[in-house]
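Architecture at a glance
Residues per chain are reported as follows:
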Amino acid sequence: MIKAADMLIARRADTRARADFATWKMMAKLNGSSALPPEAQNFLASYKKLSEQTGDGDASEATIQLMYRSYYAEMGGAGKPPEVPARLREPVADTGNVTAFRRLPAKPKSGASAPGARRPMPVALIFACLVVVYVAIRYYWK
């Protein structure tokens, strides 16, 4: 029987394993794997060995499961790690292309060109009004 706490730990461990694997794999693609901790380098080495023997998807999932078991034990899970239901997502095609961000079109300024536009109140007028209110309050209290 699986306890609710163990299932919570299992979900957290699975999420962490998937996120870490994706991060480490991207860092390896960017030639930054030497900056990773030794644990990460070991997992990436096992991934490379598995990917030579099997397909990339199977090797990724096997490495994630290995990381999941390690994280489950590290987080204090008791016994054998439970199976976490797989998320149904569309497979992401790794085309290597980067989508460029486009600048939004500039909003037209509604300045003095509009016929019914109101001018903003000058700062000096606001300051003068505040001084009048202050003096009135001081005069009232005396």
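What you are looking at is a predicted structure, and each value in this text was computed from that prediction instead of being measured. (Residues numbered from 1 in each chain as written. Predicted model: local features only at pLDDT ≥ 70, side-chain atom pairs only at ≥ 80, totals over all residues. Heavy atoms only, no water.)

Residues Ala17, Trp24, Met67 and Tyr71 are the most contacted members of the largest nonpolar core, which totals 17 residues. Those elements that place two or more of their residues in this core are helix H1 (4-29), helix H2 (38-53) and helix H3 (56-74). Setting aside residues up to four positions removed in sequence, Ala17 forms contacts with Ile64, Met67, Tyr68 and Tyr71. (Core = buried A, V, L, I, M, F, W, Y, C linked by side-chain atoms within 4.5 Å. Buried < 20%, exposed > 50% of the residue type's maximum accessible area, 1.4 Å probe, protein only. Helix = DSSP H or I, 4+ residues; strand = E, 2+ residues; numbered from the N terminus. Contact = heavy atoms within 4.5 Å.)

Further remarks concern the side chain of Ser46. Along the chain, Ser46 falls in helix H2. When neighbours within four sequence positions are excluded, Ser46 is seen to be in contact with Thr63 and Leu66.

At a closest axis distance of 8 Å, the pairing of H2 and H3 adopts a crossing angle of 145°. Here H2 runs over H3; the crossing is right-handed. Where H2 approaches H3, its residues Glu39, Phe43, Ser46, Tyr47, Leu50 and Ser51 are matched on the opposing element by Asp56, Ala59, Ser60, Ala62, Thr63, Leu66, Met67, Ser70 and Tyr71. Of the residues belonging to the contact of H2 with H3, the class tally is eight nonpolar, five polar and two charged. (Axes fitted to C-alpha atoms, helices over the stretch in contact; angles between N-to-C directions. Left-handed = near helix turned anticlockwise from the far one by under 90°. Nonpolar A, V, L, I, M, F, W, Y, C, P; charged D, E, K, R; others polar.)

A separate point is the environment of Leu50. Relative to the elements of secondary structure, Leu50 occurs in helix H2. On the basis of relative accessibility, which here comes to 27%, the residue Leu50 falls in the partly exposed class. Taking the C-alpha atoms as reference, Leu50 lies 8.3 Å from Ser60; in sequence the two are 10 residues apart. Here Leu50 is in contact with Ala59, Ala62 and Thr63, once residues within four sequence places are set aside.

Here the idea is simple: oppositely charged side chains can pair when their charged atoms come close. Evaluation of the coordinates by the stated rule reveals four salt bridges. The closest approach of N and O atoms between Arg18 and Glu61, which form a salt bridge, is 3.0 Å. Here Arg18, found in helix H1, pairs with Glu61, found in helix H3; they are 43 residues apart in sequence, far enough to count as distant. Classification of Arg18 as partly exposed rests on a relative accessible area of 27%. Residue Glu61 is classed as partly exposed on the basis of its relative accessible area, which comes to 32%. Several salt bridges share partner residues, and in doing so they unite Asp14, Arg18 and Glu61 into one network. (Salt bridge = Lys/Arg side-chain N within 4 Å of Asp/Glu carboxyl O.)

What follows deals with H2. Taking 1.5 Å of rise per residue, 16 residues should cover 22 Å, and H2 covers 23 Å from first to last C-alpha, within 8% of that figure. Turning to H2, its buried residues number three or more, namely Ala40, Phe43, Leu44, Ser46 and Tyr47. End-on, the buried residues of H2 take up no more than an arc of 160°, which puts them together on one face. Those residues of H2 that are exposed and aimed more than 90 degrees away from the buried face are Pro38, Asn42, Lys49, Glu52 and Gln53. (Expected span 1.5 Å × (residues − 1). Arc of directions from axis to C-beta.)

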